[in-house]
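Survey of secondary and tertiary structure
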Amino acid sequence: MKLVVQRVSKASVKVDNKVVGKIDKGYMVLVGIKQGDTEKEADYLAKKLLNLRIFEDENEKMNLSIKDVGGKLLLISQFTLYGDCTGGNRPSFIMAEKPDKANELYEYFCNKCSEQIHVETGKFQTHMDVSLVNDGPVTIILESKEK
């Protein structure tokens with residue numbers, strides 16, 4: 001699994017011109033699932049994400065987690081994170097998990113995160129318009145360990 005985490009002051013996602021997810025202070029996270037990923041990877045990344053310290057403390061040091069600041073998550077499924085362009089200019093997505101399995105693990109990941117923090121989501125396997133104000137900007141990539 002791979003996460004692209006952006007610290008935001010606000011973010012939203014629309015499907016068919018209707019807002020389906022919206023947050024203020026928190027993280028907008030693109031979630032990519034590769035073939036063979038399991039709940040083990042989802043558990044690892046949920047814990048890592050919720051404890052990631054990229055909010056500033058009173059000394060302006062990145063030392064606070066999303067839980068420490070009462071932030072929220074906007075989780076967006078993003079199979080293109082596993083696009084491979086090494087063989088040419090058109091990406092290959094053979095590393096991305098099949099939609100049924102990916103959706104199952106994405107839902108599991110969202111539910112795991114929502115046990116500790118407020119979570120909003122996009123809509124799996126649809127065209128989405130994502131808007132955000134990146135705070136900082138701060139963008140971090142998290143990946144599960146290789147098997």
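First, a word on scope: everything that follows refers to the structure included in this document. Not measured: the values here are computed from a predicted model. Counting starts from 1 at the beginning of each chain's written sequence and moves along it residue by residue. The predicted nature of this model means local features are confined to residues of pLDDT at least 70 and side-chain atom pairs, given and counted, to a pLDDT of 80 or more, with totals for whole chains, interfaces and linings taken over all residues. Computation of side-chain values: all heavy atoms of the structure, hydrogens and water removed.

1. Focus on the side chain of Gln6
To be explicit about the condition: Here a strand is any run of E in DSSP of at least two residues, a helix any run of H or I of at least four, and the numbering for each starts at the N terminus. Each polar contact in these results corresponds to two N or O atoms within 3.5 Å; when the atoms are within protein, one needs to be able to donate a hydrogen and the other to accept it, and residues that are neighboring in sequence are counted only if both atoms are side-chain atoms. Residue contacts follow a heavy-atom distance rule, with two residues in contact if any of their heavy atoms lie within 4.5 Å.
Note that Gln6 resides in strand 1 (residues 2-15). Within the structure, Gln6 has its side chain in polar contact with the side chain of Thr139 (distance 3.3 Å). With sequence-adjacent residues up to four places away left out, Gln6 is seen in contact with Gly26, Tyr27, Met28, Leu132, Asn134, Val138 and Thr139.

2. Examining the pattern of salt bridges
For clarity, the cut-off: Note on definitions: salt bridges are taken to be side-chain nitrogens of Lys or Arg within 4 Å of carboxyl oxygens of Asp or Glu. Relative accessibility decides the category of a residue: with a 1.4 Å probe and only protein chains considered, values under 20% of the type maximum give buried, values over 50% give exposed, and everything between is partly exposed.
For the structure shown, the criterion picks out three salt bridges. Here Asp37 ties to Lys34 by a salt bridge, and the two come within 3.4 Å at their closest N and O atoms. For the pair shown, Asp37 and Lys34 are each scored as buried. Its salt-bridge partner being Lys112, residue Asp43 comes within 3.9 Å of it at the nearest N-O pair. Taken together, the positions of Asp43 in helix 1 (residues 39-51) and Lys112 in helix 2 (residues 99-114) put the pair 69 residues apart, joining distant regions of the chain. Judged by its relative accessible area of 28%, Asp43 is partly exposed. A residue is classified by how much of its surface remains accessible, and Lys112, at 27% relative accessible area, is partly exposed.

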